[in-house]
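Tertiary structure, described
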Amino acid sequence: MIVLFGVTLVVFVILRLSGDPVDLYLPPGASPEMVERYREALGLSESIPVQYAKFLQGLFSGDLGQSYYYNEPALDVVLERFPATLELTAASVLVTIIIGVPAGIVAAVMRNSKTDYLIRVAALLGQCVPVFWIGIILIIIFAVKLHWLPTSGRGTWEHLVMPAFALGLYSAATTARLLRSSMLEVMNKEYVLVARAKGLSKAKVVLKHALKNAISAVITVLGLHIAGLLGGAIVTETVFAWPGIGRLIVQSINNRDFTVVQTAVMLIALCYVVINLLVDVCYALINPRVKLHGRGG
Amino acid sequence: MSDALLQVKDLTVKFNTPHGKAAAINRLSFDVRKGEIVGIVGESGCGKSLTSRAIMGLLPPSVAEVSGSILFDGDDLLRKSDKEMRKIRGNEISMIFQEPMTSLNPVYTIGNQLMETILLHQGVSRKEARERAIDMLKLVHIPSPEKRMKQYPHELSGGMRQRVMIAIALSCNPKMLIADEPTTALDVTIQAEIIDLLLELKEKLSMSIIMISHDLGVIAETADRVVVMYAGQAVESTDIDSIFERPLHPYTQGLLKARPTLEEKKERLETIEGSVPNSHELPAGCKFHTRCPFGRPICAAREPGLLEVNGQGVKCWMHAKEWNDHDE
Amino acid sequence: MRRSLRTSATGTVGLVIVLAVLFCAITADWISPYDPLEQNIERKLQPPAWLKGGSWDHPLGTDQLGRDILSRIIHGSRVSMLISVAGTAVAIAVGVLLGSVSGYYGGKADAVIMRFVDVILSFPFILLAIFVVAVIGPGILNIILIAGFTSGVNMARIIRGEILGVKEMEYIEAIRSVGARDGTIILKHILPNIFNVLIVMATLEMAQLILVESSLSFLGLGVPAEVPTWGKMLSEFRTLILSDPWIAVFPGLAITLTVLGINLFGDWLRDYLDPKLNQTIK
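Residues numbered from 1 in each chain as written. Chains lettered and ligands numbered in written order. Predicted model: local features only at pLDDT ≥ 70, side-chain atom pairs only at ≥ 80, totals over all residues.

Comments concerning the overall build of chain C
Condition: Helix and strand definitions follow DSSP, with helices as H or I runs of at least four residues and strands as E runs of at least two, each counted in order from the N terminus. Residues are called buried when their C-beta atom has 20 or more other C-beta atoms within 10 Å, exposed when it has 12 or fewer, and partly exposed otherwise; all C-beta atoms are positioned from the backbone. We call two residues in contact when their backbone-placed C-beta atoms lie within 7 Å.
A tally of regular secondary structure across chain C gives 10 helices and 0 strands. When the helices and strands of chain C are placed in sequence order, the string is α-α-α-α-α-α-α-α-α-α. Counting only residues that meet the buried cut, chain C has 48% of its 282 residues in that class. In chain C, 72% of the contacts between residues at least 6 apart in sequence involve partners at least 24 apart.

Structure follows, in structure tokens:
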């Protein structure tokens, strides 16, 4: 919780330090009185601590201010875009899991084979390509040349495929590498040998016994990635013209639309906290030696 | 030899090392009869644990080259596919390991891991499997078995975990149990309990046991017959009394002399000079001759065969008729 | 598996790539066939030499203003290298400073610093960068500082952990018992022990920074207009892919290869310095 407040405070202060939004909204040559009145209307004429106090006050009654640019409640503006970002994030997490997890398992089980080598190379490359470039290349191949998928925008599942893949690639690669090394470590443990001595098939040993132990490291990383994806999908959203929060934030920063930026950032930070909690829960579910204690921050 | 449950003949296990192919087990042969406990004793690196893995078929072919034959109830285990071996593992031949701390999977309950084997091999309902699991826990004298079923390995002590391992191994009533250093990682008092438990269960379930240990004390208390291994071979193979009263092989004699005893007062513990050679650096002829106080030229020249002396098996030139042939 | 550079194919390849890029960055002015800013509208949008319509005058083709792509790519390496190297240097400085204070002194300082780190890290990095750019304006120096700072904060956490471990070692107690000052202890005795970790982290951060910088310039928040950077080139070319798809390949390829080179070298370095290191770093 403290972190949440810290975040909002930092954002709040930085925004106000970054310059006067009023300049953007009034025609040039407006008189100083007009400027001053406008500023008052936006609540910007008071000192920063006072502004922050008012902001917190409004927060508790659910009022996060009015968007300067859109002239609607900032909360509405943000929430309108939220589902899109959520959709993209969820889809890319799916991509990460569907590609990354099996790859990691296969690479570990078939250690030092050609398949293992190929997977490791692919994973390494996956971590090196910039998101926006892979997005563009995908568009070139699948939309421009092959006409299988639409180039941009949001709509049917076809619109979702490429952005999800572009965004999820890096995480998938990291997951594959991490899971591979985690599995290798676990497979050397004695209880895996014991499981085989019981007569279990190799597949069962790998999937039931080894995986559950190896997956915890991956979950932590996955959690971090998800949180990062939420806000950081900016680049992907730009390339694919995906109407999500990331783009909103960038545009709002350019528009000096403080309220929207604040609200959006708060939302993202909140999600981050929620995801961290979920990760902790998952971790405790998987590993019985970990106990859930109350979170202090 | 006719009621031999297990017949290991000329078992050889070779590994690829940076120095070439090395035989970690070199034409090992021994038998285990029904209802008897055979102790395999030797220092670290002699290949005892490897033998148990070889019998269970747990050596991956890409890493180890296994040859010879292992006849179990007449069937050669080395000729079986992995699928066939899986039916045998945990079912007809079971194994318990040295480290109870790490032999149980930390993320599953005891009950889960116990029932797993039962469900796998006996095709009963979950409910029945659960009952059998609880029965097994009672058999190994674990108090409040129903409660234990829901617990996780880290909630149990080392001794109890080893009991659980035994319960798991015996849950399908195997004909043979391989115990690989089962007491080495335990406190002395717990050791005694586990040994008693194994002896009791052997009678109750009429199993054979292969007891692998480097601790002669454990072997003395449990084994009916003993196989002494050195550098991947069986150098002596006798019944328990003869081994202690009349050890024939110099290595066995050395092992026995190296133990501190309560009866004699010794100034210094006697050791066997030298150390166990690496599998890729085995000497020619008798593998022990470089450390043997009685060595003669013939020992370096040729490997001795397995000789029988008054019902005791020994692989040493000392007991062959060629021993007293000199080129003088 | 500790292998010397000569026996590790991937490590060598990585080093070669990195050196090549560095070379380009340093000698850009001399080895570029053209002035990267020179426009030539008649020659615009020429495909690369091996496609129809291209020529070896402009091996990688020209962009929408007729500028030679190869030259621009060579010059682009400057910005990338500069930012990643300088940024990493800043990161190390920040990370060591924060991590040392936090790890060595513990207590309140530690608590405060770690909370601060938490706050900063709970921001997706790009967002943070965008913010700060919005406030203090774009420009190479600013980007170096921002990137360095956030990486540094990340490193601080790891460094703190390492220092906590080293702190408990007996030789530190021994030094302290002869009255050495804190500063000396940290600089002369503790830091050299975490040197390996630092080096490896540094190489990984360098790779990250290249990706970050290119993302920022892709979004238009990078260095000011005339200087060509790979990210910026891609953002310019985005609208052209319908008609001239080949154009988007090269800048991205440059980024990927550079990052790949650093990663390959970094991986080898990590294995070489301490095979057990794999477990502490990511």
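Right, picking up where we left off after that structure.
Brief notes about the overall build of chain A
Helix and strand counts for chain A stand at 13 helices and 0 strands. For chain A, buried positions account for 44% of its 297 residues. Restricting to contacts in chain A with at least 6 residues of sequence separation, those with at least 24 account for 72%.

Comments concerning the interface of chain A and chain B
You'll often see interface size given as the accessible area lost when the parts meet. This is how the line gets drawn: In the scheme used here, Gly and all other residues not listed as nonpolar or charged are polar, with Ala, Val, Leu, Ile, Met, Phe, Trp, Tyr, Cys and Pro taken as nonpolar and Asp, Glu, Lys and Arg as charged.
The partner chain B presents 22 residues to the 18 residues of chain A that form the contact. Going through the elements one at a time, α9 (190-197) and α10 (202-232) of chain A are the ones with two or more residues in the side of chain A that touches chain B. Residues that form the side of chain A that touches chain B fall into these classes: 7 nonpolar, 5 polar and 6 charged.

Let's talk about the sheet that holds strand β5 (residues 75-76) of chain B
All names here are of chain B. So the rule is basically this: At least two bridges found by DSSP between two strands are what make those strands a pair. Lines fitted to C-alpha atoms define the axes here, with helix axes fitted over just the stretch in contact, and angles between the N-to-C directions of these axes take values from 0 to 180 degrees.
Strand order in the open sheet formed by 4 strands is β2-β1-β4-β5, and the pairing between neighbours is antiparallel. Strands with a single pairing partner mark the edges of an open sheet, and in this sheet they are β2 (20-33) and β5. Here 10 bridges tie strand β1 (residues 4-17) to β2, and the two strands are oriented antiparallel to one another. Its bridge partner lying in β2, Gln7 is registered against Asp31. The strands that helix α1 (residues 48-56) touches are β1, β2 and β4 (64-72); relative to β2, the one it contacts most, it runs at about 75°.

Overview of unusual backbone geometry
The phi dihedral of A:Asn112 falls on the positive side, at around 65°, and the residue is not glycine. As for its placement among the helices and strands, A:Asn112 is situated in the loop between α5 (74-109) and α6 (114-128). Positive phi, close to 55°, is recorded for B:Asp73, a residue that is not glycine. Take B:Asp73: it is sitting in the loop between β4 and β5. Overall, the presence of 15 C-beta atoms within 10 Å leaves B:Asp73 in the partly exposed class.

Notes on helix α4 (residues 110-122) of chain B
Residues and elements named next belong to chain B. Put simply, the test is: One less than the number of residues in a helix, times 1.5 Å, gives the span that helix is expected to have.
In this model α4 runs 18 Å from its N-terminal to its C-terminal C-alpha over 13 residues, within 8% of the 18 Å that 1.5 Å per residue would give. Looking at α4, one finds that the buried residues are Ile110, Gln113, Leu114, Met115, Glu116, Thr117, Ile118, Leu120 and His121. Contact partners of the buried residues in α4: α5 (126-139), α6 (145-149) and α7 (158-170). Gly123 lies just past α4 and shows a positive phi near 50°.

So, the environment of A:Ile119
Residue and element names in this part refer to chain A. With respect to the secondary-structure elements, Ile119 resides in helix α6. Judged by the 23 C-beta atoms lying within 10 Å of it, Ile119 falls in the buried class. Sequence-wise, Ile119 and Ala173 are 54 residues apart; in three dimensions their C-alpha atoms are separated by 9.1 Å. With sequence-adjacent residues up to four places away left out, Ile119 is seen in contact with Ala103, Val106, Ala107 and Ala176.

Some remarks on the sheet that holds strand β8 (residues 208-213) of chain B
Residues and elements named next belong to chain B. Spatial strand order, β6-β7-β8-β3-β9-β10-β12-β11: 8 strands in an open sheet with mixed pairing. Lying at the two open borders of the sheet, with one neighbouring strand each, are β6 (93-96) and β11 (307-309). Averaged over all pairs of adjacent strands, the angle between their axes in this sheet comes to 20°, without regard to strand direction. Two elements, β6 and strand β7 (residues 176-180), share 4 bridges in a ladder whose sense is parallel. Among the inter-strand pairings, Ile96 is bridged to a residue of β7, identified as Ala179. Against the sheet, α7 touches β6 and β7, its axis set at about 170° to β6.

Thoughts on the pairing of β7(B)
Residue and element names in this part refer to chain B. Along β7, 5 of the 5 residues are buried, which leaves the element largely enclosed by surrounding structure. Covered by surrounding structure in β7 are Met176, Ile178 and Asp180 together with Leu177 and Ala179, the residues of both alternating faces. One ladder, built from 5 bridges, connects β7 with β8; its direction is parallel. Each residue of the ladder has a partner; that of Asp180, found in β8, is Ile212.

Here's the deal with α5(A)
Our working definition: Note that bend, as reported per residue, equals the angle between axes fitted to the 7 residues terminating at that residue and the 7 residues originating from it.
In this model, α5(A) (36 residues) spans 51 Å end to end at C-alpha, consistent with the 52 Å of a helix rising 1.5 Å per residue. Considering bend angle alone, the principal kink of α5(A) is centred on A:Phe82 and spans about 30°; proline A:Pro83 follows within four residues of it.

Things to note about the pairing of strand β9 (residues 225-230) of chain B
Residues and elements named next belong to chain B. Of all the 6 residues making up β9, 5 are buried; the element is thus mostly covered by neighbouring parts of the structure. Of the pairings in the sheet, the one linking strand β3 (residues 37-41) to β9 comprises 4 bridges and is parallel in character. Residue pairing for β9: Gly39 is matched across the bridge by Val226. As paired strands, β9 and strand β10 (residues 233-239) are joined by 6 bridges and run antiparallel to one another. By the bridge assignment for β10, Arg225 is matched with Asp239. Count of turn residues in the β9/β10 antiparallel hairpin: 2 residues, of which Ala231 carries a positive phi of about 50°.

A look at the packing of helix α9 (residues 230-237) of chain C against helix α10 (residues 249-273) of chain C
All names here are of chain C. As a reminder, the rule being used: Any angle between 65 and 115 degrees counts as roughly perpendicular, while under 35 counts as roughly parallel, over 145 as roughly antiparallel, and the rest as oblique. Throughout, a crossing is termed right-handed when the near helix is turned clockwise from the far one, and left-handed when it is turned anticlockwise from it by less than a right angle.
Relative orientation of the contacting elements α9 and α10 amounts to 150°, with a least axis distance of 8 Å. Judged by the angle between their axes, α9 and α10 are roughly antiparallel. The element α9 and its partner α10 pack so that their crossing is left-handed. Contacts from Trp230, Met233 and Leu234 in α9 reach Pro251, Gly252, Ala254 and Ile255 in α10. Tallied by class, residues from the contact of α9 with α10 come to 6 nonpolar, 1 polar and no charged.

As for the confidence of the model for chain A
Residue and element names in this part refer to chain A. Our working definition: pLDDT gives the predictor's per-residue confidence on a scale running from 0 to 100.
Summing up the model confidence of chain A, the mean pLDDT is 77 and the portion of residues at 70 or higher is 77%. Put simply, helix α2 (residues 22-25) is where chain A has its lowest mean pLDDT, 61, and α6 is where it has its highest, 89. A low-confidence stretch, residues 293-297 (pLDDT under 50), is modelled with 4 contacts involving residues beyond four sequence positions or located in other chains.

Focus: the environment of C:Ile199
Residue and element names in this part refer to chain C. With respect to the helices, strands and loops of the structure, Ile199 is situated in helix α8 (residues 195-218). For the pair formed by Ile199 and Arg270, sequence separation is 71 residues and the distance between their alpha carbons is 8.5 Å. When sequence neighbours within four positions are dropped, the list of residues in contact with Ile199 reads Leu269 and Leu273.

Topic: the packing of α4(B) against α5(B)
All names here are of chain B. Between α4 and α5, the shortest axis-to-axis distance is 9 Å and the interhelical angle comes to 115°. Accordingly, the angle class assigned to the pair α4 and α5 is roughly perpendicular. Seen from above, α4 lies across α5 with right-handed handedness. Residues Gly111, Leu114, Met115, Ile118 and Leu119 of α4 form the contact with α5, whose own contacting residues are Ala129, Arg130, Arg132, Ala133 and Met136. For the contact of α4 with α5, the per-class residue count stands at 7 nonpolar, 1 polar and 2 charged.

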